[in-house]
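One letter stands for each residue in the lines below.
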Amino acid sequence: MRILIVGSGGREHALAWKLKQSPRVSQIYCAPGNAGIAEIAQCININVEEIERLVGFAREHQIELTVVGPEAPLAAGIVDAFNGAGLPIFGPVKAAARLEASKIFAKELMRKYQIPTAESRTFTEAEQAMAYIRSKGAPLVVKADGLASGKGVVVAKTVAEAEEAVRRMLVAAEFGPAGARIIVEEFLTGEEVSVLAFTDGTTVIPMVSAQDHKAVYDQDQGPNTGGMGAYSPAPVLTPELLQQVEREVLQPTIAGLRQEGIIYQGILYAGLMITAEGPKVLEYNVRFGDPECQVILPRLESDLVEIMLAVINRKLAGQTITWHEHHAACVVMTSAGYPGPYQQGKIITGLAEAAALPEVYVFHGGTSAHGSHLVTAGGRVLAVTAWGKTLEAALNKAYQGVSTIKFDGAHYRTDIGHRAIKAGAISLASR
Ligand code: AMP
Ligand code: GLY
């Protein structure tokens, strides 16, 4: 089988790595890919949003399965275009991808189908938003409606901070059309966890749990990033809690969309806050998280190709998905300055030594080949991933891998998994 992966980060490297293990796969292409992906797939020079060119490539090369990594092409309708051309593709259609592309659409769906989430109001006028903020008082959360690469969410500790966020979104239009409508919502407290599931529009099968670390510095300090590391399982998600999430969040979301005439096929990602009142949805994503994908896929025992085809053919009900019992951890190495401006083209060394460590795999995020060297080519450069019998073992190996890798200005968090370790309750009671 010939497969096309759309994307260029650590998530897509993990997808290529896992798909390559399927005996059904003969050739993998990746558009546009990166230097790490190029070791296992043929990278092609087409960007993720060039949908017509991707359709043309898939047709010409008789691609039998296309897998989409990032949200932007999904929101732009890549799945609708491939469906229209009769080409099999894994991911939700544009109407379903609105769950991530419009936080207001997601809120309205949750309200209509009684899915637990933070209380919120929608605004397009700054004056009204400010008046509401003053009447509520801090803390509050201000969110741009549209896609903003994780930067459109401001957790405001003071009224002034919330007002400043409103000004940046509605007045200065820093996020363009993505911030032309905003949500102001209640601040929730509790522990965060992500639950991802495969769904064919009717059947929903959750994956093992994962937790990422969004802040750039240790102890969750500094601005939010796309994700600085992750681990799986997350002990906070007990089997009982997972059942509650399935019953109160995952099932009603998919059933609600079906009521609205939208068949959701692909991955549904629910970002949750486990509050004293139970799990509440912070956000939906319509794809694998990055770096959650890098810790979930090493734990997947089943053939990912089979699962993806079952989703596309709406036959997920008959599918058994099995997982390894081991723990996985991933530490992201970034360029100095990320998530702000950063330099590229720094020479990376020590990758072969890291790769030689047992149960360690280095997924590439932003890298490119430059002559005989490998150089940095993005904010998140590498996702050093390891697995083992315990979270401690997995983390130790991941950090051992990190210690062999060098590039100018390399930054990483030293406390990945700290919450789970502190909780102490790492056992197979969590999945
Ligand atoms: P989101 O992109 O919506 O998941 O938001 C990014 C991060 O902001 C989340 O991972 C949370 O840490 C935080 N966040 C979002 N919404 C809320 C909320 N209502 N209460 C507290 N924290 C929030
Ligand atoms: N790690 C969070 C995301 O991929 O959105």
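Everything in this summary refers to the structure shown in the same document. Here the residue index of a chain counts from 1 through its sequence in written order. Think of it this way: whatever chain is written first is A, whatever ligand is written first is 1, and the rest follow in order. Local features are withheld for residues below a pLDDT of 70 in this predicted model, meaning they are given only at 70 or higher, and side-chain atom pairs are given and counted only at 80 or more; totals for whole chains, interfaces and linings count all residues. Here the side-chain values reflect all heavy atoms present in the structure, with hydrogen atoms and water set aside.

Both cavities and pockets are sets of points on a 1 Å grid over the protein atoms alone; in a cavity a 1.4 Å probe fits but cannot get out, in a pocket the set is open with protein on both sides within 12 Å along at least five of seven lines, and lining residues sit with an atom within 4 Å of a point. Grid points are joined across faces, edges and corners, and a volume is the space filled by probe spheres set on the points. Roughly 160 Å³ of volume is contained in the second largest pocket. As for the second largest pocket, its lining consists of His13, Glu39, Leu351, Ala352, Ala355, Val360, Tyr361, Val362 and His364. Helix and strand definitions here come from DSSP, where helices need a minimum of 4 consecutive H or I residues and strands a minimum of 2 consecutive E residues; each element is numbered from the N-terminal end. Looking at the lining of the second largest pocket, the elements that each hand over two or more residues are α12 (351-356) and β20 (360-364). Ranked by residue count, the leading element in the lining of the second largest pocket is β20, at 4 residues. By residue class, the composition of the lining of the second largest pocket is 6 nonpolar, 2 polar and 1 charged. Nonpolar residues are Ala, Val, Leu, Ile, Met, Phe, Trp, Tyr, Cys and Pro. Charged residues are Asp, Glu, Lys and Arg, and all others, Gly as well, are polar.

Below, the discussion takes up the environment of Val184. Locating Val184 in the fold gives a position in strand β9 (residues 182-186). Relative accessibility thresholds used throughout: buried, under 20% of the residue-type maximum; exposed, over 50%; partly exposed, between the two (1.4 Å probe, protein chains only). Take Val184: its relative accessible area is 0%, and that puts it in the buried class. Sequence-wise, Val184 and Gly340 are 156 residues apart; in three dimensions their C-alpha atoms are separated by 25 Å. Any two residues having at least one pair of non-hydrogen atoms within 4.5 Å are treated as being in contact. If near-sequence neighbours (up to four positions away) are discounted, Val184 is found in contact with Glu119, Ser120, Arg121, Phe123, Tyr132, Ile133, Leu140 and Val141.

Our focus in this paragraph is the site of ligand 1. Distances are taken per atom, and a residue is near a molecule or strand as soon as one of its heavy atoms is within 4 Å of it. Taken together, 15 residues form the shell around ligand 1, and within it Glu185, Glu186, Leu188, Glu192 and Glu283 come nearest. A distance of 3.0 Å separates a nitrogen atom of ligand 1 from a polar atom in the side chain of Lys143. Within 3.5 Å is the distance limit for a polar contact, defined as a pair of N or O atoms, with the added protein rule that one can donate a hydrogen and the other accept it, and that residues adjacent in sequence qualify only through two side-chain atoms. Separating a nitrogen atom of ligand 1 from a backbone N or O atom of Leu188 is a distance of 2.8 Å. Isolated, ligand 1 exposes 470 Å² of accessible area, and the fraction of that covered by the protein chains is 91%. Within the residue set of the shell around ligand 1, elements represented by two or more residues are β7 (140-144), β8 (153-156), β9 and β17 (278-285). Of the residues contributing to the shell around ligand 1, the split by class is 8 nonpolar, no polar and 7 charged. The accessible surface values rely on the Shrake-Rupley method and a 1.4 Å probe; as for residues, cover is taken only from the protein chains in view.

This part is about the packing of aromatic side chains. Within 6.5 Å between ring centres, the rings of Phe, Tyr and Trp (the latter by its six-membered ring) count as paired, and their orientation is classed by plane angle as stacked under 30 degrees, edge-to-face over 60, tilted in between. Tallied over the full model, the rule gives 8 aromatic pairs. With a centroid separation of 5.6 Å and an interplanar angle of 50°, the aromatic rings of Trp17 and Tyr361 are classed as tilted. Of this pair, Trp17 sits in helix α1 (residues 10-20) while Tyr361 is found in strand β20, placing the two residues 344 residues apart along the sequence. Residue Trp17 is classed as buried on the basis of its relative accessible area of 14%. By relative accessible area, which is 22% here, Tyr361 ends up partly exposed. Summarising the aromatic geometry, the rings of Trp17 and Phe363 are spaced 5.6 Å apart at their centres and angled 80° between planes, so their arrangement reads as edge-to-face. Of this pair, Trp17 sits in helix α1 while Phe363 is found in strand β20, placing the two residues 346 residues apart along the sequence. Taken together, the aromatic side chains of Trp17, Tyr361, Phe363 and Trp387 make up a single cluster linked through ring pairs.

This is a description of form; function is not addressed.
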